[in-house]
Each structure stands twice: as C-alpha cells, then as structure tokens.
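Listed below are the residues making up each chain.
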Amino acid sequence: MRKFTLLPLIFLYLNSFSQNSLNKNSYSFYDSLVGVENTEIFNGPRFLDILKSTKDNHRYFNSLAFVRGYIIYNSQLYNHINLRYDLINDDVIVVSSGDKGFFDVRLIRDKVQEFGIQNHHFIKLPEDKATGFYEVGYIGAQVSLYIKHQKSTKERLNKRVPYFEFFKTSFYQLRYNGKLYKIESSRDVEAIIPDKREQIRDFHSTYAILSKSKPDAYIVKLITYLDNNLSIADD
C-alpha cells in the first residue's frame, strides 16, 4: 500500500518545480524515493561482453570498470549511475548498484540524449545523429570541436588460447561559421580556415610530438588556440 500512497507525493513534489528549474538534486530525490533500479533506465536488454578483456585491453572508453556518471535518458536525468561506454558498438552500458546488480543493461541508443563519464561529456550532433555519440572537445566563440571515439578488435592466439586485441581511433567534427566539417588532421583544418594556414603550421611544428603521442589532446589544443586567435582578430 505504501507504494501507491507515495507516488502522488512524488509527482506533487516534482510538479512544484517549473520545467526550467528542475535540476540534478530534484531528479536525485525522485530516484531515491522510487529506487533507481525501478526506473526506466534499467528496462533495456541485457548486455553480455563476449570479448575477453583485461584492465588495459578492452572495448570501453577509458575504463574496463564501471564508473559513476550521469545520463539523460528519454528526457529524464539520472545521476550517480554506474556506466561504461562501449566503443565497439557505440552503446552505453549501465549496472544496477542494488538488488539487480548481477547483470548489465544496454541502454536503447535512441533514448540516450547525452551522458557524462570521468569528466568527459558526450552528446549527439543534430547534423550527424546517425554516427552516434561525440565527446565535446571544445566549445568556443568562433570554432568548436567534437571527438568521435571508436574501437575495433582483432582475434589473436597466445599459445593456442584465443584473445582479443583492441585498437582505438578517433575522428573529429569541427563547427565553424555555422557549418560542420569532418576532420582528421591539422591539414584538414587548414583547408577549412585557409587564412590561418601559417599559424596552424607553426603550431604543428611546436606540438608535433604531441600530435603523435596524444592526437586527441593535440587537436583540442589546436582548436583552442585557433579560437582564441580568431576571437582576438575580430576585436
């Protein structure tokens, strides 16, 4: 009986806020009352990872282990969710921290609007929803950058024991003058912003080592530099 008398109080509480004033605390309050395991986010298909992984060799973004993050799922914000981002299939995987924690759930991709994990923010671009989730690399006044993380895998044998090796790649989307451009290197940026070619090449000469060792960090640094340069030029 408690369950039925509690629900009207929950909706009365949430309806006391305007749509614009709802925040993470109010959603967390709702989840704590009904139990996050009873919300829609855990009603997806079960996920089984059949690709043998290790701590440093796996299909996920940054971490094999589940880590706390947030998700906006079907317009509902969920905080403090244990999740992983699968870079093979571009899926978000969650695990319950309660009595259903013995299995993982693959979220329905079309219902995931954005999520955050380990200080990385992922969204869908309106112009490129088919590609899936992009990390927000940099948002500037003149130019912005979005990073598409991906992994591929290859089966190998070690003393006749099969295992999988994972390979990470990235490409980027650059937003400039209201348009979205796919880029893979600083040369692509030169073609989009030709009047900054000299500055881009000077920057690349300075950070050539970074471009090879940490390409994502390099391209974020380059776009940040260009945005500042373009903003100064407009002043």
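Parameters at a glance
Residues numbered from 1 in each chain as written. Predicted model: local features only at pLDDT ≥ 70, side-chain atom pairs only at ≥ 80, totals over all residues. Heavy atoms only, no water. Helix = DSSP H or I, 4+ residues; strand = E, 2+ residues; numbered from the N terminus. Buried < 20%, exposed > 50% of the residue type's maximum accessible area, 1.4 Å probe, protein only. Contact = heavy atoms within 4.5 Å. Areas by Shrake-Rupley, 256 points an atom, 1.4 Å probe, with all protein chains shown as cover. Phe/Tyr/Trp six-rings, centres within 6.5 Å; stacked < 30°, edge-to-face > 60°. Salt bridge = Lys/Arg side-chain N within 4 Å of Asp/Glu carboxyl O. Pairing = 2+ DSSP bridges. pLDDT = per-residue confidence, 0-100.

1. Some points on the overall build of the protein
Move 1: Helices and strands together make up the secondary structure of the protein, namely 6 helices and 11 strands.
Move 2: For the protein, buried positions account for 40% of its 235 residues.
Move 3: Nonlocal contacts in the protein, meaning residues at least 24 apart in sequence, comprise 51% of its contacts between residues at least 6 apart.
Move 4: When the accessible surface of the protein is split by element, carbon and sulfur atoms take 51% of a total near 13900 Å².

2. Observations regarding the packing of aromatic side chains
In this description, an aromatic ring pair is defined by two values, namely the gap between the centres and the angle between the planes.
Move 1: The final tally for this structure, using the stated rule, is 11 aromatic pairs.
Move 2: Measuring from centroid to centroid gives 6.4 Å for Phe61 and Tyr85, while their planes differ by 45°, and the two rings are tilted. Of this pair, Phe61 sits in the loop between β1 (46–47) and β2 (67–73) while Tyr85 sits in strand β3 (residues 76–86); the two residues are 24 residues apart in sequence, bridging distant segments of the chain. The pair Phe61 / Tyr85 is uniform in exposure class, with both members buried.
Move 3: Residues Tyr85 and Phe115 carry aromatic rings whose centres are separated by 5.2 Å and whose planes lie at 70° to one another, so their mutual orientation is edge-to-face. On the criterion of sequence distance, the pair formed by Tyr85 in strand β3 and Phe115 in strand β6 (residues 112–117) is long-range, its members being 30 residues apart.

3. Observations regarding the environment of Tyr163
Move 1: Along the chain, Tyr163 falls in strand β10 (residues 161–176).
Move 2: Here the alpha-carbon distance between Tyr163 and Ser53, two residues 110 residues apart in the chain, equals 7.9 Å.
Move 3: Every residue in contact with Tyr163, bar those within four places of it in the chain, is listed here: Lys154, Glu155, Arg156, Leu157 and Asn158.

4. Let's talk about the pattern of salt bridges
Move 1: Considering all chains together, one arrives at 11 salt bridges under this definition.
Move 2: For the salt bridge of Glu190 with Arg197, the shortest nitrogen-to-oxygen distance reads 3.5 Å.
Move 3: A relative accessible area of 8% means that Glu190 is categorised as buried.
Move 4: For Arg197, a relative accessible area of 33% corresponds to the partly exposed category.
Move 5: For the salt bridge of Glu190 with Arg201, the shortest nitrogen-to-oxygen distance reads 3.2 Å. Note that Glu190 is positioned in helix α3 (residues 186–192) and Arg201 in helix α4 (residues 197–206), a separation of 11 residues in sequence.
Move 6: Three or more residues are tied together by salt bridges with common partners; here these are Asp49, Arg59 and Asp86.

5. As for the environment of Phe61
Move 1: Residue class for Phe61 comes out buried when judged on its relative accessible area of 3%.
Move 2: Leave out the neighbours within four places in its chain, and Phe61 touches Tyr85, Leu87, Ile117, Gln118, His120, Phe122, Glu135 and His149.

6. Some thoughts on the pairing of β10
Move 1: Pairing of strand β9 (residues 143–158) with β10 involves 16 bridges; the strand directions are antiparallel. Note on β10: the bridge partner recorded for Lys154 is Glu165.
Move 2: Where β9 folds back on β10, the antiparallel hairpin that results is connected by 2 residues, among which Lys159 adopts a positive phi of roughly 55°.
Move 3: By the bridge criterion, 5 bridges tie β10 to strand β11 (residues 179–183) in an arrangement that is antiparallel. By the bridge assignment for β11, Tyr176 is matched with Lys179.

7. Some remarks on the confidence of the model for the protein
Move 1: Looking at the protein as a whole, the pLDDT averages 82, with 79% of positions reaching at least 70.
Move 2: Note on residues 1–24: pLDDT is under 50 here. Beyond four places in sequence and across chains, it has 14 contacts.
Move 3: Residue range residues 26–36 is modelled with pLDDT below 50. Its contacts to residues more than four positions away, or to other chains, number 28 contacts.

8. Points about unusual backbone geometry
Leaving glycine out, the prevailing phi sign among residues is negative, and the prevailing peptide bond configuration is trans.
Move 1: Despite not being glycine, Asn62 shows a phi value in the positive range, around 70°.
Move 2: Phi is positive for His80, close to 55°, though the residue is something other than glycine.
Move 3: Structurally, His80 can be placed in strand β3.

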